[in-house]
Amino acid sequence: MNLFQQNLEILRRHNRALAAQVLKISGGTLSIQLAKTGVPTAVVKNRAIHSAYDPIREAERWAEHQTKDCQSGETLVVLGVGLLYHVEALRTKLPQDSVVVVIVSDLSELVDALSVRSLDGWGDRVCWVWGHSEQMARQVTQQASRLRLLTYEPALMIHQQEYDAFRLQLRDQLAKGVSGRLHIMVVGPIYGGSLPIAGYVVRALESLGHRVSWVDHSLHAPGYQHLQTIQDDRLRTTVQQRFSDTLGVISLAHVAEDPPDFVLAMSQAPLSMAVLEQMRRKKVLTAMWFVENFRHFAYWQQMIEGYDFWFVMQQAACLEAFKNSGASQVSYLPLAADLSIHQSVDLSIQEQQELGADVSFLGAGYRNRREMLPVLLGHEWIFKLWGNEWDRAGVLETVLQRNGARIDTATSVKIFNATSVNINLHSYTGIGFDPEGDSVNPRTFELASCGAFQVIDHRTLLAELFDESMMGIVKTPEEFVPAVRTYLHEPEQRQVMAERSRKRVGMSHTYAHRMQTLLSTVGLASPDRIGAILQGERQAESLLARSRDCPELLPLLRSFPKTDRVELVDVARTIRQKGPEATLSREELLVLMMDEYRQEKRDFL
């Protein structure tokens, strides 16, 4: 019996289905060579998968590094197969009762490993998962909810797309099983396009049952804007920076006063590197949802190492740029709509007269819009232009509404509803369409959520969000006028397409969807902290079950509803409610002492 057959017998004893499947597959993914120490190593397309000198020692170092943060009760999910040196080292290092799951994206690679490496002594203590990404994710989440992903990058890179798909499926599967509630602090900007999004995020998190503290810095906008009256450029910039730094310290004070599990900052939030470093020293997890074009707003480069997590609305080049600049965790997270705000509304006759139009555009006066929108003038339809930053608009001044005033959200929704064909032209500082146009703006989701029809310029990321049955998509500036004319004469088709886009938003593109994705991403990356809370490990019911070996704690926990999250501060508050004359148990006194110590250590500032 050769080595492959011996390994097959080990597999067969514990996973007959996998053994049967392996028999049907031939190897050839890995090129097997001998390392300097005489053991097999592997290469794929001239890329080493294991050390060419000592793969065993390399794997031991990898396992030592990976396990230093692991906690009891976690299931360790390994991405990357190779010749399994790292899996053996991990399995050997961990206690017998630890669960190790290996994700096999390509059985051919596993066949190569089984042909040259023995499973004897450790292979029967590994769970092997293979199949389609959704199937594998479902199988893993059925085994355990508290997961820690461990990646062996050299082998993972062979099947990067497959492993990325598995990660996304795993994230979404875990999001469905969330029961725990977090305390999340949302830090908004002073002003700007991300300010209303911060409000949508707060409402979405609250709708999901989380406790949200919103640090709303827009309250300080008048003071900040008043600084524009300072004539000297250098002095004005310095004072504005000092103002922003002060707001960052205010944010830090909120964290100290009521420590959150997680701080989520929106673009332009006034959090300096010094403030973020202070939060990190105090073990506060932070994330930034960067809802701007990374090519046009480059301040992220100075802040890249300040946040534990980055979420961006662009893919490919953006993700690569952030990773290359030092982002430890960066994920794609497109924008969305708030169904409670962006919806169909009934308009009065007066509103319909003022806001209604055959064709309209709402947005700021970027160069490409100034160049392109005049083609919509002088036709058989009524065209209205809404929004600010349209100074010296030229021929467009004849259709500019309300003298170019800023349009609030409620009025925007009415305009969307009152317009037959809404033009959605993404901003660009050049002429025409942005040749690197990828991200999809918030207006796309908001129009769709209102059930309003739109003609939109092509974006590379649009197809995975909406398709051509839901909105008019034009690929060149020359197509705008013909598209508008065609759809204006097809009201029934417009209605059908708009309704499809509205349903798509409700199914997949709300801010609640985005926050579920964001939190499950963070939870998956920090299973012992955010992940544990999301999976309900801080709920009274779970704490009671885990306190059976410590009966002294049971009376302290039984007073809480089973589904309530319980922290030290909650138990201490309950004890203090007994009054100053109450006789307290030893355990109650210890809780109060620990809570006092906690309060004394809130030295954030």
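If you're wondering where the values come from, they're calculated on a predicted model, not measured in any experiment.

### Considerations on the overall build of the protein
Item 1. In terms of regular secondary structure, the protein is built from 26 helices and 18 strands.
Item 2. Its C-alpha atoms give the protein principal-axis dimensions of roughly 85 × 75 × 50 Å.
Item 3. Per-residue burial over the protein gives 51% buried out of 605 residues.
Item 4. The long-range share in the protein, meaning contacts at least 24 apart out of those at least 6 apart in sequence, stands at 66%.
Item 5. Roughly 29,000 Å² of accessible area belongs to the protein as shown, and the carbon and sulfur atoms make up 49% of that amount.
Item 6. Each charge class in the protein was averaged separately, 64 positive and 71 negative side chains, and the resulting centres sit 3 Å apart.

### What about the environment of V413?
Item 1. Position of V413 among the secondary structure elements: in helix α17 (residues 409–418).
Item 2. For V413, a relative accessible area of 4% puts it in the buried group.

### Details of the packing of helix α9 (residues 194–207) against helix α21 (residues 511–525)
When two helices pack together, their arrangement is given by the angle between the helix axes and the distance between those axes.
Item 1. Packing of α9 against α21 brings their axes to within 8 Å, and their N-to-C directions diverge by 75°. The orientation of α9 relative to α21 falls into the category roughly perpendicular. Seen from α9, the contacting residues are I197, Y200, V201, A204, L205 and S207; seen from α21, they are Y511, A512, M515 and L519.
Item 2. Broken down by class, the residue content of the contact of α9 with α21 amounts to 9 nonpolar, 1 polar and no charged.

### Concerning the sheet that holds strand β6 (residues 127–130)
Item 1. Across the sheet, which stays open at both edges, the 4 strands sit in the order β6-β5-β4-β7 with parallel pairing between neighbours. Where the open sheet ends on each side, the last strands, each with one partner, are β6 and β7 (147–151). Each strand axis lies, on average, 25° off the axis of its neighbour in the sheet, ignoring direction.
Item 2. Two strands pair when backbone bridges link them, and strand β5 (residues 99–104) and β6 are joined in this way by 4 bridges, in the parallel orientation. When the bridges of β6 are listed, V104 appears paired with W130.

Definitions and cut-offs
- Residues numbered from 1 in each chain as written.
- Predicted model: local features only at pLDDT ≥ 70, side-chain atom pairs only at ≥ 80, totals over all residues.
- Heavy atoms only, no water.
- Helix = DSSP H or I, 4+ residues; strand = E, 2+ residues; numbered from the N terminus.
- Buried < 20%, exposed > 50% of the residue type's maximum accessible area, 1.4 Å probe, protein only.
- Contact = heavy atoms within 4.5 Å.
- Areas by Shrake-Rupley, 256 points an atom, 1.4 Å probe, with all protein chains shown as cover.
- Lys, Arg positive; Asp, Glu negative; His and termini not counted.
- Charge placed at Lys NZ, Arg CZ, Asp CG, Glu CD.
- Axes fitted to C-alpha atoms, helices over the stretch in contact; angles between N-to-C directions.
- Parallel < 35°, antiparallel > 145°, perpendicular 65-115°, else oblique.
- Nonpolar A, V, L, I, M, F, W, Y, C, P; charged D, E, K, R; others polar.
- Pairing = 2+ DSSP bridges.

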